[in-house]
Amino acid sequence: MDFQWFDDLAAVQETGHFSLAAQKSHISQPALSRRIKALEDWAGFSLVDRRSRPVRLTPAGEQILDVALSSFKRLADERNILQQSNLMADHYVVRFAAQHSVAWRFFPDWLQGFENSFGPIMSRLRVDDLPDCISSFLVGDVDFLIAYNNPLIDGRASGAISEAIEIGTDRLVPVCKPDENSHPLYSLDDDTSASLPHIGFSPGSSLGKLFSRHMAGRIDRDRLKPVYQNSMVGALRVRAWNGSGVSWLPHSLIAADIQTGVLCRAGANQWDIGLTINLMRLKRKQDSQLDHIWQHLKTTTSAKQQLLT
């Protein structure tokens, strides 16, 4: 697999034509077609809907391109950080850990906003499943843990955390594919006991535990029939695009999908699950720059809360 193939896929998405995409990539159209086919063979599924005019990416193609471009950006950012670290060996690199669903959409904007008020910092982000993020946090491999409020943190890390600062909010929203009339294919608000296909988080995942805790007593357990489970929100999003069922997904992830009509709400606001995004620091982790960052966050967060009250 060649990283250049994703640039070719992005060119197809942008132009809507293989010939124009080939010109943009400075190669022949047959060569570009071969690259796209090779990428599809590597992925194991179709990435381009060749029947449409102009051609467009399939939902799976859009998803994998989004993930690839985000990953390449993070890789480039990490390279820049390492290069700067070599030039500034005495400068501390602030290390964050965040679960996938927080890191993908929330963290880049939050970090930019923080640096706008605090000033530029050298930072590194570890993205992983929440249990692995907690493990790295507890052994001191990272300075700060960013995660949704979650019972897993209460059980494993609460005693070691000096304090948690709320740095953002989100919510899990039930969504599904709309029908031809832009109505939900599956509705939680229907006055019926019929079961609904559920695209859900793996029961043992951090968001799976959180979902189960918040939904206990709110819905008959037999109403939701599991048809697919995954710990990755991106994978659930693709299945929701395909019309496989109802899925509770972070609003920060699917707001654009709702706006464009790719997805629609599958229930009223009462079905939403509120999420708090917290930044945490270990009690034993003491450093002058980390203290400065922590105090700045506490001050700015408190000021924002006062403005809202």
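Residues numbered from 1 in each chain as written. Predicted model: local features only at pLDDT ≥ 70, side-chain atom pairs only at ≥ 80, totals over all residues. Heavy atoms only, no water.

Engineer: Explain the environment of D170 residue by residue, including any values.
Structural biologist: Looking at the element boundaries, D170 is found in strand β6 (residues 161–176). Looking at D170, the relative accessible area reads 12%, which means it is buried. Linking D170 and L253, residues 83 residues apart in sequence, is a C-alpha distance of 9.6 Å. Excluding residues within four positions of it along the chain, D170 makes contact with Y148, P250, H251, S252, I273, G274, L275 and I277. At 3.3 Å, the side chain of D170 forms a polar contact with the backbone nitrogen of H251. (Helix = DSSP H or I, 4+ residues; strand = E, 2+ residues; numbered from the N terminus. Buried < 20%, exposed > 50% of the residue type's maximum accessible area, 1.4 Å probe, protein only. Contact = heavy atoms within 4.5 Å. Polar contact = N/O pair within 3.5 Å; in protein donor to acceptor, adjacent residues only side chain to side chain.)

Engineer: Now, about the pairing of strand β3 (residues 94–99): what can you tell me, with residues and values included?
Structural biologist: The element β3 is largely enclosed, with a buried count of 5 among its 6 residues. Sheet topology places β3 next to strand β4 (residues 123–128); 6 bridges connect them, and they run parallel. Across the sheet, the residue bridging to V94 is S123, located in β4. Crossover connection from β3 via helix α5 (residues 100–118) to parallel β4: handedness right-handed. (Pairing = 2+ DSSP bridges. Right-handed = clockwise from strand over helix to strand, strands pointing away.)

Engineer: Break down α5 for me, citing the residues and quoting the values.
Structural biologist: An α-helical segment advances 3.6 residues per turn. Residues three or four places apart therefore align on the same side. Here α5 is 19 residues long and its end C-alpha atoms lie 25 Å apart, about the 27 Å a rise of 1.5 Å per residue gives. The largest bend along α5 measures about 55° and falls at F106, with the proline P108 one to four residues further on. Residues of α5 that are buried: S101, V102, A103, W104, F106, F107, W110, L111, F114 and E115. Positive backbone phi, approximately 115°, marks G119, located one or two places after α5. (Expected span 1.5 Å × (residues − 1). Bend = angle between axes of the 7 residues up to and from the residue.)

Engineer: Describe in detail the packing of helix α1 (residues 4–15) against helix α3 (residues 29–43), supporting the description with residues and values.
Structural biologist: Orientation of α1 relative to α3, taken along the N-to-C sense of each, is 110°, at an axis distance of 9 Å. Between α1 and α3, the angle is such that the two are roughly perpendicular. Crossing hand, α1 versus α3: left-handed. The residues of α3 that touch α1, namely those facing Q4, W5, F6, D8, L9 and V12, are L32, R35, I36, A38, L39 and W42. Split into classes, the residues belonging to the contact of α1 with α3 amount to 9 nonpolar, 1 polar and 2 charged. (Axes fitted to C-alpha atoms, helices over the stretch in contact; angles between N-to-C directions. Parallel < 35°, antiparallel > 145°, perpendicular 65-115°, else oblique. Left-handed = near helix turned anticlockwise from the far one by under 90°. Nonpolar A, V, L, I, M, F, W, Y, C, P; charged D, E, K, R; others polar.)

Engineer: Kindly report on unusual backbone geometry, identifying the contributing residues and their values.
Structural biologist: At the junction of R53 and P54, the peptide bond is cis and its omega measures out at -5° in the coordinates. For H26, which is not glycine, the phi dihedral falls at a positive 60°. The topology assignment puts H26 in the loop between α2 (18–25) and α3. On the accessibility criterion, H26 (73% relative accessible area) is exposed. Backbone geometry at S182 places phi at a positive 65°, although glycine is not the residue there. In this structure, S182 sits in the loop between β6 and β7 (196–200). By relative accessible area, S182 is classed as exposed at 56%.

Engineer: For the side chain of S52, give the residues involved together with the corresponding values.
Structural biologist: Here S52 is to be found in the loop between β1 (48–49) and β2 (56–57). A distance of 3.0 Å separates a polar atom in the side chain of S52 from the backbone oxygen of D49. Only 3.0 Å separates the side chain of S52 from the backbone oxygen of P54, close enough to count as a polar contact.

Engineer: Explain the environment of D222 to me, and be specific about the residues and the numbers.
Structural biologist: For D222, the position within the fold is in the loop between α8 (206–215) and β8 (224–229). For the pair D222 and S195, spaced 27 residues apart in the sequence, the C-alpha separation amounts to 6.7 Å.

Engineer: Any chance you could break down the packing of aromatic side chains for me, citing the residues and the numbers?
Structural biologist: For any two aromatic rings, the description comes down to two numbers: the centre-to-centre distance and the angle of the planes. Counting across every chain of the model gives 9 aromatic pairs. Ring pairing ties together the aromatic residues F96, F107, W110, F114, F118, F144 and W294, which thus form one cluster. The ring of Y228 carries R239 above its face, with NZ or CZ at 4.3 Å from the centroid. (Phe/Tyr/Trp six-rings, centres within 6.5 Å; stacked < 30°, edge-to-face > 60°. Lys NZ or Arg CZ within 6 Å of the ring centre and 35° of its normal.)

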